Amino acid sequence: MAHGRFDNPVIAALAGVKDFFRKQDLTDRLKETDRADGKTVLITGANSGLGFGMAVAFAKRGAHVIMACRRQIPEAGEEVKRLSGSDKIEMRYVDFSKIGTIHDFADALEKDGIHIDILVLNAGVALPESRPTESGLEEMFLVNYMSNVILVSRLLASGVVRNKAIAGNAVAGEVPRLLFISSDSHQGSSYIDHEQFGTYEKYGVTKGMNYYSYYKLVLNTYATELSRRLNHEGDIDVIVNVMCPGPVDSKIIKEAPWLLRKILGGIFSIVFKSPEDAAQPAVYMCISEDYAGKTNEYLHMFNVKKMDEKIYIPEEGKKLWDHTYQVWQQYDPMAINYLILAESHTSENPSA
Ligand SMILES: NC(=O)c1ccc[n+]([C@@H]2O[C@H](COP(=O)([O-])OP(=O)(O)OC[C@H]3O[C@@H](n4cnc5c(N)ncnc54)[C@H](OP(=O)(O)O)[C@@H]3O)[C@@H](O)[C@H]2O)c1
């Protein structure tokens, strides 16, 4: 059974209000001169909220932006073009609650010869109650956690994200950056339930926030283990970082019950940040020289912070890694083609 820090979504939103007024240490570190010209940036869940804000922000800085979305194709892309003044925007379909579409999406990127320099794993849901997907996995578990693992594994295996460790196609001097969008609400979640990992867990509206925070803890633990396995002291193959945008005026509560939506929507629209403002720390982490060669770092908005201490326990990361690949294999017949990945790199150096 999983436990997050927040039993109540209103309390979680009020914590967000507090974050809104928090001092931001590194705001001035992102410069106008920090550009993404010549870089290809893939953002999941880019038709709305933070993902949309990031698409505009990266496009303004010269990147070729690929918006990976399940809806609003092509309208959202047209809007990003209009707001950024750039036409280097494309949209591609993927639904993270349908595993087959992740494979089709990854296959198409490979077939089209695309190489991604910056991958932002942003798509996420906050569901009011558990929901089965066609694979049998619970939807929030699949969208907020497992789909990220599948996508990252596929892109590393094919070399769409260039790397030395698995695909062997790294280019000297060009280190791709992965950024997992998390939530600081993960702090204080319970230990990962390795016994029940991946099994369908039922929750209702009072526990939805709990599971949301818990799956972010799981996601951050995976990101940390991935960083450990890909990188070794002084030898960074792929930069893997995590960040929480703080409170964003987005559509994240769109599935909440009507009354809750009204209450939270009011708080969101008054004190939460606009998606483009909230996107700035993510852009900073992905393009600034400050983060060149820095991996397994966490930003909470523009503040350097530590994630929950459980995330850094190597044994937790290893167990999660093994269970994750077991669950993938159990629920997806295609997984067998990528299991080499589960063993092909090891966490020899827990400090990276
Ligand atoms: N809002 C906040 O205060 C806050 C705070 C901390 C962290 N975050 C994190 O920020 C990220 C972005 O959320 P947001 O606040 O910007 O909310 P949002 O406006 O609801 O955006 C979420 C994005 O994820 C996409 N998505 C959801 N399910 C998907 C699926 N099955 N397949 C493909 N795409 C899917 C959504 O697409 P659809 O439009 O098709 O649903 C949307 O583009 C999330 O990871 C969230 O956990 C948000």
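Look above for the structure.
What you see is a predicted model; the values in this text were computed from it and never measured.

Moving on to the overall build of the chain. Looking only at helices and strands, one finds 10 helices and eight strands in the chain. Taking 20 Å as the expected radius of gyration for a compact globule of 352 residues, we find that the chain reaches 19 Å, a close match to that expectation. Projected onto its principal axes, the C-alpha coordinates of the chain cover approximately 50 × 50 × 35 Å. A burial count over the chain gives 58% of its 352 residues as buried. Nonlocal contacts in the chain, meaning residues at least 24 apart in sequence, comprise 77% of its contacts between residues at least 6 apart. Averaging the locations of the 39 positively and 46 negatively charged side chains of the chain gives two centres separated by 5 Å.

With mixed pairing, eight strands are arranged side by side in an open sheet as β3-β2-β1-β4-β5-β6-β7-β8. With one partner strand each, in any of the chains shown, β3 (89-93) and β8 (303-304) form the two edges of the open sheet. In the sheet, strand β5 (residues 177-181) pairs with strand β6 (residues 239-244) via five bridges, with the strands oriented parallel. Bridge pairing links I181 to M243 in β6. Contacts from helix α3 (residues 75-84) reach β2 (64-69) and β3, with the element oriented near 160 degrees to β3. Along the sheet face, helix α4 (residues 99-111) touches β1 (40-44), β2 and β3 and points at about 140 degrees away from the line of β3.

Attention now moves to the side chain of S86. Mapped onto the elements of the fold, S86 is located in the loop between α3 and β3. S86 sits in the buried class, given a relative accessible area of 10%. Separated by 3.0 Å, the side chain of S86 and the backbone nitrogen of K88 make a polar contact.

As a further point, take the site of the ligand. Close to the ligand lie 30 residues, the nearest being N47, S48, R71, Y212 and S250. Here D95 contributes a side-chain N or O atom positioned 2.9 Å from a nitrogen atom of the ligand. Measuring from an oxygen atom of the ligand, one finds a backbone N or O atom of K251 at 3.0 Å. Listed by contribution, the elements that provide at least two residues to the shell around the ligand are α2 (49-60) and α6 (208-230). Here the residues of the shell around the ligand sort into 13 nonpolar, 11 polar and six charged.

In this section: the environment of L83. Relative to the elements of secondary structure, L83 occurs in helix α3. Given the relative accessible area of 37%, L83 is considered partly exposed. Between the C-alpha atoms of L83 and D193, which are 110 residues apart in sequence, the distance is 44 Å. In this structure L83 touches F52, V56 and K60, once residues within four positions along its chain are discounted.

Turning our attention to the nonpolar core. Judged by nonpolar contacts, the single largest core of 65 residues is most densely connected at Y145, L155, F180, Y222 and L226. Broken down by secondary-structure element, the contributors of at least two residues to this core are β2, α4, β4 (118-121), α5 (139-158), β5, α6, β6 and α9 (314-331). Leave out the neighbours within four places in its chain, and Y222 touches Y145, V149, V152, S153, F180, L320, W321 and Y325.

All right, on to a positive patch on the surface then. Among the surface-exposed residues, R70, R71, K251 and K254 lie close enough to one another that they form a single positively charged patch. Along the polypeptide, K251 turns up in the loop between β6 and α7 (258-271). The class for K251 is exposed, based on a relative accessible area of 52%.

All right, on to the layout of surface pockets then. Taken as a whole, the second largest pocket holds about 350 Å³ of empty space. K39, G173, E174, V175 and R177 are the residues nearest the centre of the second largest pocket, which is lined by 20 residues in total. Its residues assigned to classes, the lining of the second largest pocket comprises 10 nonpolar, three polar and seven charged.

Moving on: empty space enclosed by the protein. As enumerated under the stated definition, the model contains two cavities of 30 Å³ or more in all. Roughly 60 Å³ of internal volume is contained in the largest cavity. Residue lining of the largest cavity: F141, F197, G198, T199, E201, Y214 and Y215, and that is the complete set. Looking at the lining of the largest cavity, its residues break down into four nonpolar, two polar and one charged. Of the voids in this model, the second largest cavity is the one considered here, and its volume is about 30 Å³. Lining the second largest cavity are R177, L178, L179, I239, N241, M285 and C286. Counting residues per element, the ones that place at least two in the lining of the second largest cavity are β5, β6 and α8 (275-287). Considering each element in turn, the lining of the second largest cavity owes the most residues, three residues, to β5. Taken together, the residues of the lining of the second largest cavity sort by class into five nonpolar, one polar and one charged.

So, how was this worked out
- Residues numbered from 1 in each chain as written.
- Predicted model: local features only at pLDDT ≥ 70, side-chain atom pairs only at ≥ 80, totals over all residues.
- Heavy atoms only, no water.
- Helix = DSSP H or I, 4+ residues; strand = E, 2+ residues; numbered from the N terminus.
- Rg over C-alpha atoms; globule rule 2.2 N^0.38 Å.
- Buried < 20%, exposed > 50% of the residue type's maximum accessible area, 1.4 Å probe, protein only.
- Contact = heavy atoms within 4.5 Å.
- Lys, Arg positive; Asp, Glu negative; His and termini not counted.
- Charge placed at Lys NZ, Arg CZ, Asp CG, Glu CD.
- Pairing = 2+ DSSP bridges.
- Axes fitted to C-alpha atoms, helices over the stretch in contact; angles between N-to-C directions.
- Polar contact = N/O pair within 3.5 Å; in protein donor to acceptor, adjacent residues only side chain to side chain.
- Near = heavy atom within 4 Å.
- Nonpolar A, V, L, I, M, F, W, Y, C, P; charged D, E, K, R; others polar.
- Core = buried A, V, L, I, M, F, W, Y, C linked by side-chain atoms within 4.5 Å.
- Patch = residues over 30% accessible without salt bridge, like charges linked within 9 Å, V, L, I, M, F, W, Y side chains within 5 Å.
- Areas by Shrake-Rupley, 256 points an atom, 1.4 Å probe, with all protein chains shown as cover.
- Salt bridge = Lys/Arg side-chain N within 4 Å of Asp/Glu carboxyl O.
- 1 Å grid on protein atoms, 1.4 Å probe; cavity = no way out; pocket = protein on both sides within 12 Å on 5 of 7 lines; lining within 4 Å.
- Points joined across faces, edges and corners; volume = space filled by probe spheres on them.

Function-wise, these values are silent; they only describe arrangement.
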